[in-house]
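Per-entry structural report
One-letter residues, chain by chain:
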Amino acid sequence: MTARAGYLSSRLQGYTTTIFAEMSALALATGSVNLGQGFPDTDGPEEIKRWAIDAIEAGHNQYPPGKGIAELRRAVAAHQRLFYGLDYDPEDEVLVTAGATEAIAASLLALCEVGDEVVMLEPYYDAYAACTAMAGATRRIVPLRGPGWRLDPADLAAAIGPRTRIVLVNSPHNPSGRVLGRDELDAIARVCVDNDLLAVTDEVYEHLVYEGEHIPLASLPGMRERTVSISSAGKTFSFTGWKVGWACAPAPLLAAVRTAKQFLTYVSSAPFQHAIAAALDAGDRHIAGTVANLRARRDQLCAGLAELGLEVVRPEGAYFVTTDVRPLGFDDGPEFCRMLPARCAVVAIPSVVFYDDRAAGRPLVRWTFCKRADVIDDALTRLQVLRR
Ligand code: PMP
Ligand code: GLN
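Let us look at the structure shown here. (Residues numbered from 1 in each chain as written. Chains lettered and ligands numbered in written order. Predicted model: local features only at pLDDT ≥ 70, side-chain atom pairs only at ≥ 80, totals over all residues. Heavy atoms only, no water.)

This next bit is on the site of ligand 1. The full set close to ligand 1 counts 13 residues, and Thr101, Asp202, Tyr205, Lys235 and Lys243 are the nearest of them. A distance of 2.5 Å separates a nitrogen atom of ligand 1 from a polar atom in the side chain of Asp202. Interatomic distance of 2.7 Å between a side-chain N/O atom of Lys243 and an oxygen atom of ligand 1. The dominant element in the shell around ligand 1, judged by the number of residues it contributes, is helix H4 (residues 99–111), at three residues. For the shell around ligand 1, the residue count by class is five nonpolar, five polar and three charged. (Near = heavy atom within 4 Å. Polar contact = N/O pair within 3.5 Å; in protein donor to acceptor, adjacent residues only side chain to side chain. Helix = DSSP H or I, 4+ residues; strand = E, 2+ residues; numbered from the N terminus. Nonpolar A, V, L, I, M, F, W, Y, C, P; charged D, E, K, R; others polar.)

Shown next as structure tokens:
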């Protein structure tokens, strides 16, 4: 056995670290402003924190039910009905998970046979590639094409083959900030229906939309019956560390996902489940302020990056901006991001980690704006030394 391989299975070679942890550690070690990993530097609403503390004090501290507490499953079902007109039975069509991450892993592990193919948009969130590998499946890539990060139906059609099992769709999209339009979602739905494919949707940024509208793929004709819709409370309520996520799907699909989930974490986050149930029940009350705030910070970061001489496509959703750093005299994102802490005390993410097409991803860098206005200002000031 080689030292490089160690005990790691061949499936996980290439996934020894996540770029997010790596870059956050670098930010800490160098005292840099962290515009890398996407977590807010301001906690969510006090009222929601209080509900979590109340739940701990009320004794909700042991294993919750395997499916998640009834109050949260009911609140998730009510949320799907209220925002999207989608009906799910809280008993056997809603599953609470340890964040969206576990729901994604459990879905791929449960629904893929070894050798199946999972179609995903590129750039792709890193967990999709790792979870697909863990499931013994293979990823097939559909590029979102610049400058507007559009999905071309011909690219999608070209990615579908006899081994395709799942189309994995992320919208609002990390890292591009794209919110897929109805025409693009229609194209995805048609491909799924025509080829009898399953869809898994990652909608963790469903409420962080600044332009346009988030349309769940499951709401399109023929899709509810074949879609596992995944979301989480982390982004919506700014409590990414609580790791309360969920999946909604027709009962047979959900039973498969639950089977995998129960041997991953079994259960998680008992008191936080109570707090998030209450937060969801509060409807838009805690969401609107967050969105308004993030929209302002998006505009602040976009304006600052544009002033540096970068071309900026304003994200419609999520909390990331992606730029090509060539106008600053760099053509290699990883090199740029390694240089940045020492030169400017700022950390960002080299987007090539989200790409199979290394050439396409190489000059791109992702910046997050889920930070306080003064922190973004500070980062933009520090970046001034890069002006040409
Ligand atoms: N999907 C996407 C697209 C993300 O950006 C993230 C980052 N948090 C996740 C899933 C993971 O969500 P969670 O923290 O709920 O596991
Ligand atoms: N979703 C966040 C990001 O994309 C954090 C991911 C993580 O830490 N795994 O930056």
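The structure having been displayed, the exposition proceeds.
What follows concerns the site of ligand 2. Ligand 2 sits among Phe20, Gln37, Gly38, Tyr125, Asn174, Tyr205, Lys235, Phe320 and Arg366. Taking Tyr125, its side chain carries an N or O atom lying 3.4 Å from a nitrogen atom of ligand 2. Within the side chain of Arg366, an N or O atom sits 2.6 Å from an oxygen atom of ligand 2. Surface burial for ligand 2 is 81%, taken as the share of its 290 Å² of free accessible area covered by protein chains. Each residue belonging to the shell around ligand 2 can be placed in one class, and the counts come to four nonpolar, three polar and two charged. (Areas by Shrake-Rupley, 256 points an atom, 1.4 Å probe, with all protein chains shown as cover.)

Next up on the list: unusual backbone geometry. Glycine aside, residues mostly have negative phi angles, and peptide bonds mostly take the trans form. The step from Glu122 to Pro123 runs through a cis peptide bond, and the omega angle for that step is 5°. Relative to the helices and strands, Pro123 is located in the loop between strand E3 (117–122) and helix H5 (126–134). Following Gly146, the chain continues into Pro147 via a peptide bond in cis, with omega recorded as 0°. For Ser238, which is not a glycine, the phi torsion comes out positive at approximately 60°.

As a further point, take helix H12 (residues 333–344). Because the α-helix completes a turn every 3.6 residues, residues three or four places apart line up on one side. The terminal C-alpha atoms of H12 lie 15 Å apart, and with twelve residues this matches the ideal 16 Å at 1.5 Å per residue to within 8%. Its buried side turned inward, H12 meets helix H1 (19–30), strand E11 (346–347), strand E12 (349–350), strand E13 (364–368) and helix H14 (373–383). Capping of H12 at its N-terminal end is provided by Asp332; its side-chain oxygen lies 2.8 Å from the backbone amide nitrogen of Glu335. Just beyond H12, the residue with positive phi is Ala345, at close to 60°. (Expected span 1.5 Å × (residues − 1). Contact = heavy atoms within 4.5 Å.)

Time to look at the packing of aromatic side chains. Inspection of every chain in the model, using the stated rule, returns 13 aromatic pairs. A ring pair is formed by Tyr319 and Phe320, whose centres lie 5.5 Å apart and whose planes are at 75°; its orientation type is edge-to-face. Among the residues examined, Phe320 registers a relative accessible area of 1% and is labelled buried. Grouping aromatic residues by their ring pairs yields a cluster made of Phe20, Tyr125, Tyr128 and Phe354. The cationic tip of Arg366 hangs over the ring face of Phe320; the distance from NZ or CZ to the ring centre is 3.6 Å. Between the NZ or CZ atom of Lys371 and the centre of the ring of Phe39, over which it lies, the distance is 3.7 Å. (Phe/Tyr/Trp six-rings, centres within 6.5 Å; stacked < 30°, edge-to-face > 60°. Buried < 20%, exposed > 50% of the residue type's maximum accessible area, 1.4 Å probe, protein only. Lys NZ or Arg CZ within 6 Å of the ring centre and 35° of its normal.)

For E13, the buried fraction is high: five of the five residues fall into the buried class. Residues Leu364, Arg366 and Thr368 line one face of E13 and the alternating positions Val365 and Trp367 line the opposite face, and both faces are buried. Note that E12 and E13 share two bridges and pair antiparallel. The residue bridging Pro350 from the neighbouring strand is Val365, located in E13. (Pairing = 2+ DSSP bridges.)

Their axes nearest at 8 Å, the elements helix H3 (residues 70–84) and helix H10 (residues 270–281) cross at an angle of 30°. Looking at the two axes, H3 sits roughly parallel to H10. In this structure, H3 crosses over H10, and the sense of that crossing is left-handed. Residues Glu71, Leu72, Arg74, Ala75, Val76 and His79 of H3 form the contact with H10, whose participating residues are Gln273, His274, Ile276, Ala277, Leu280 and Asp281. Residues that form the contact of H3 with H10 fall into these classes: six nonpolar, three polar and three charged. (Axes fitted to C-alpha atoms, helices over the stretch in contact; angles between N-to-C directions. Parallel < 35°, antiparallel > 145°, perpendicular 65-115°, else oblique. Left-handed = near helix turned anticlockwise from the far one by under 90°.)

Among the structural elements, Asn170 can be located in strand E6 (residues 164–170). Only 3.0 Å separates the side chain of Asn170 from the backbone nitrogen of Asn174, close enough to count as a polar contact. Separated by 3.0 Å, the side chain of Asn170 and the backbone oxygen of Asp202 make a polar contact. The contacts of Asn170, once residues within four sequence positions are left out, are Leu121, Tyr128 and Asp202.

Our next topic: the layout of surface pockets. Approximately 400 Å³ is the volume attributed to the second largest pocket. Lining the second largest pocket are 19 residues, and of these Gly146, Pro147, Trp149, Asp324 and Leu364 lie nearest its centre. (1 Å grid on protein atoms, 1.4 Å probe; cavity = no way out; pocket = protein on both sides within 12 Å on 5 of 7 lines; lining within 4 Å. Points joined across faces, edges and corners; volume = space filled by probe spheres on them.)

A word on a nonpolar patch on the surface. A cluster of nonpolar side chains, contributed by Leu109, Met134 and Leu264, occupies part of the molecular surface with about 230 Å² of accessible area. For Met134, the location among the structural elements is in helix H5. (Patch = residues over 30% accessible without salt bridge, like charges linked within 9 Å, V, L, I, M, F, W, Y side chains within 5 Å. Salt bridge = Lys/Arg side-chain N within 4 Å of Asp/Glu carboxyl O.)

Okay, the sheet that holds strand E9 (residues 244–248) next. Across the sheet, eight strands lie side by side as E2-E9-E8-E7-E6-E3-E4-E5; this open sheet has mixed pairing. Lying at the two open borders of the sheet, with one neighbouring strand each, are strand E2 (94–98) and strand E5 (150–151).

Take empty space enclosed by the protein next. In the structure shown here, the tally under the stated rule is three cavities of 30 Å³ or more. The space that makes up the largest cavity amounts to roughly 40 Å³. Secondary structure elements with two or more residues in the lining of the largest cavity: E6 and strand E7 (198–202). Residues of the lining of the largest cavity, tallied by class, amount to four nonpolar, four polar and two charged.

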